[in-house]
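The primary structure of each chain is shown beneath.
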Amino acid sequence: MTKSQTAKFASYNRIVAFLLFYNLLFAGINRLLQSITQFKAAFTALKLLLPTSTTNKSSPVTIAKNKEFIAMIDTIVSLANRAYLFAFDIADETLLSTFQVEVSYFKLLTEVEQILLAQNILISLNDNSVALIADYDITAAELTAVGIAITAAQDKIAAPSTVIGNNKTSNVDIETAFLLVDEKIVLLEKSILGRFKTGLFANPSLVGNFENAKKNHESVKHTALITTFTNILGEVIEGATIEIAFDTETKTALSNISGIAEIEQFVGGTYHVTYSATGYITQIIPTKFVLGETTTTAIVLLKTI
């Protein structure tokens, strides 16, 4: 696959995870469900055109992907175990069930389902973050870190197929299949935004998550940082700031209506990144940037007391 196709394929996987996450909310919305079915059918048809066997060249990418998933699972399980004590103390059966999770549980799930499980746990962690941070040895930095880990794992879903696909010459059938998936995404976008962007059923958080899922994080020659800002309720934050201080300059960017901010075209290295927004606690996180690669982060900001 080309770099553009690789970026699209990864975004398709993020959309699948998004649809799974909101699947209960979409129940009964008939035309939206039809758009979802059409998108999934087109995506499945595309995947059938791509090689599925493993080759030696894909092995390093598979290992890298596994590391991302292991990091996500280890982090979310660690936090869930500590949060289980909170659920026990307040005798909340729903939270007890949510936080009763072990590494072995993830091994029974597909990659997309693993992402969904981790996201669901993170939502419950964020919903109860005030108490967890106060009395259960969980920090805001850890909640941010697990959000970053989930995003990193999610973006790795397509990696092995990407490399394997590059071992096969692109053809008209594959290009046509990509165009068909893109066409179905346009209809899916109309269905989702038409229902949830404005009006009685407006849901800014859902819309922001959809916009981020379908955004193509295409590999570029320069280094970049893309950040999604949310609060502990999972609502996107517009107007939040990311700031990177370099030796000779400082670069900043504001998040848009979808909670997404981007800084690009800087030299790779390790820098202190400041994440802030009016009315929220500022976070400063040392981050390593690899030259020529795009780093994505998911930042959860806590409101000031």
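Basis of the calculations
- Residues numbered from 1 in each chain as written.
- Predicted model: local features only at pLDDT ≥ 70, side-chain atom pairs only at ≥ 80, totals over all residues.
- Heavy atoms only, no water.
- 1 Å grid on protein atoms, 1.4 Å probe; cavity = no way out; pocket = protein on both sides within 12 Å on 5 of 7 lines; lining within 4 Å.
- Points joined across faces, edges and corners; volume = space filled by probe spheres on them.
- Helix = DSSP H or I, 4+ residues; strand = E, 2+ residues; numbered from the N terminus.
- Pairing = 2+ DSSP bridges.
- Axes fitted to C-alpha atoms, helices over the stretch in contact; angles between N-to-C directions.
- Phe/Tyr/Trp six-rings, centres within 6.5 Å; stacked < 30°, edge-to-face > 60°.
- Buried < 20%, exposed > 50% of the residue type's maximum accessible area, 1.4 Å probe, protein only.
- Salt bridge = Lys/Arg side-chain N within 4 Å of Asp/Glu carboxyl O.
- Expected span 1.5 Å × (residues − 1).
- Core = buried A, V, L, I, M, F, W, Y, C linked by side-chain atoms within 4.5 Å.

Asks: Give me the layout of surface pockets: which residues, what numbers.
Replies: In this structure, the second largest pocket encloses a volume near 670 Å³. For the second largest pocket, the lining is made up of 31 residues, of which Q119, T151, N209, T230 and A298 are closest to its centre. Those elements that place two or more of their residues in the lining of the second largest pocket are α1 (3–21), α6 (111–127), α8 (140–154), α11 (204–214), β1 (223–231) and β7 (294–301). The dominant element in the lining of the second largest pocket, judged by the number of residues it contributes, is β7, at five residues.

Asks: Account for the sheet that holds β1, with residues named and values stated.
Replies: The mixed open sheet is built from three strands, whose spatial order is β4-β1-β7. Of all the strands in the sheet, just β4 (260–266) and β7 have a single pairing partner and so form its edges. Each strand axis lies, on average, 20 degrees off the axis of its neighbour in the sheet, ignoring direction. Sheet topology places β1 next to β7; eight bridges connect them, and they run parallel.

Asks: So what's going on with the packing of aromatic side chains? Residues and values would help.
Replies: Within this structure, the stated rule accounts for 17 aromatic pairs. Between F266 and F289 the ring centres are 5.1 Å apart and the planes differ by 90 degrees, which places this aromatic pair in the edge-to-face class. Separated by 23 residues along the polypeptide, F266 in strand β4 and F289 in strand β6 (residues 283–289) bring together distant segments of the chain. The burial state of F266 is the same as that of F289; both residues are buried. Members of the aromatic cluster, each reached through a chain of ring pairs, are F9, Y12, F39, F43 and F178.

Asks: Break down the pattern of salt bridges for me, with residues and values.
Replies: If you walk through the whole model with that rule in mind, you get five salt bridges. Note that K214 and E211 form a salt bridge whose closest N and O atoms lie 3.1 Å from each other. In this pair, K214 and E211 are both assigned in helix α11, three residues apart and thus about one turn of the helix distant. Taking relative accessible area as the criterion, K214 reaches 22% and is therefore assigned partly exposed.

Asks: Any chance you could break down the environment of N66 for me, citing the residues and the numbers?
Replies: Looking at the secondary structure, you find N66 in helix α3 (residues 59–89). Residue N66 is classed as partly exposed on the basis of its relative accessible area of 38%. It is 8.4 Å that separates the C-alpha atoms of N66 and A153, two residues lying 87 residues apart in sequence.

Asks: Tell me about α6, and please be specific about residues and values.
Replies: Counted at 1.5 Å a residue, the expected span for α6 with its 17 residues is 24 Å, and the 25 Å between its end C-alpha atoms agrees. Along α6, the residues that are buried comprise V112, Q114, I115, L116, A118, Q119, I121, L122, S124, L125 and N126.

Asks: Describe unusual backbone geometry, with residues and values.
Replies: Non-glycine residue A91 carries a positive phi angle of around 55 degrees. Mapped onto the fold, A91 is located in the loop between α3 and α4 (93–99). Unusually for a residue other than glycine, D137 sits at a positive phi of about 60 degrees.

Asks: Requested: an account of the pairing of strand β5 (residues 269–276), with residues and values cited.
Replies: Of the pairings in the sheet, the one linking strand β2 (residues 241–245) to β5 comprises four bridges and is antiparallel in character. Along β5, the bridge assignment pairs T241 with S276. Judged from the seven bridges that link them, β5 and β6 form a sheet pairing that is antiparallel. Among the inter-strand pairings, H272 is bridged to a residue of β6, identified as P286. With antiparallel pairing between neighbouring strands as the criterion, β5 and β6 make up a hairpin whose turn holds six residues, including G279 at a positive phi of roughly 90 degrees.

Asks: Hey, could you go over the nonpolar core for me, with residue numbers and the actual values?
Replies: In terms of nonpolar packing, the biggest core is built from 58 residues, with F39 and L125 touching the most fellow members. If you list the elements that add at least two residues to this core, you get α1, α2 (30–49), α3, α4, α6, α8, α10 (172–196) and α11. Ranked by residues supplied to this core, first place goes to α3 with ten residues.

Asks: How would you explain the sheet that holds strand β3 (residues 250–254) if you had to name every residue and give the values?
Replies: An order of β3-β2-β5-β6 is seen for the four strands of this open sheet, with the pairing classed as antiparallel. Both edges of this open sheet fall to β3 and β6, since each of them pairs with a single strand only. Within this sheet the neighbouring strands show an average axis-to-axis angle of 25 degrees, counted without direction. Two elements, β2 and β3, share five bridges in a ladder whose sense is antiparallel. When the bridges of β3 are listed, E243 appears paired with T252.

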